[in-house]
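Listed below are the residues making up each chain.
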Amino acid sequence: MTEDELVVEFALTRLDHPGLDLEEVAALVVRRVGPDRMLEFAGRTLAHRDELRGAVFPAAVEHVLRVVLTLRGPRD
């Protein structure tokens with residue numbers, strides 16, 4: 001999944017659940033994309049941190065948040 005596709009998935013999920021905070025939306029995205037993507041996202045987070053092991057779900061959520069916040073850019 002590309003970063004653009006991930007941002008679109010995040011945006012659509014946020015539209016469906018406007019009352020949730022960003023981390024809760026990211027967790028819903030991870031649940032929606034399934035176990036294979038969850039592992040992919042977690043692997044990217046662990047590689048970014050230079051770690052060999054970690055909890056899969058939180059690492060996957062962290063990846064989604066990092067992508068969304070990075071592409072969102074700095075606040076004005």
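Residues numbered from 1 in each chain as written. Predicted model: local features only at pLDDT ≥ 70, side-chain atom pairs only at ≥ 80, totals over all residues. Heavy atoms only, no water.

### Observations regarding the pattern of salt bridges
Within the structure shown, the criterion is met by 7 salt bridges. Between Glu62 and Arg49 there is a salt bridge; the shortest N-O distance is 2.5 Å. With a gap of 13 residues between them, Glu62 in helix 4 (residues 56-72) and Arg49 in helix 3 (residues 35-49) connect regions that are remote in the sequence. Members of the salt-bridge network, linked through shared partners, are Arg49, Glu51, Glu62 and Arg66. (Salt bridge = Lys/Arg side-chain N within 4 Å of Asp/Glu carboxyl O. Helix = DSSP H or I, 4+ residues; strand = E, 2+ residues; numbered from the N terminus.)

### Comments concerning unusual backbone geometry
Residues other than glycine seldom take positive phi values, yet Asp50 does so here, at roughly 60°. Topologically, Asp50 is positioned in the loop between helix 3 and helix 4.

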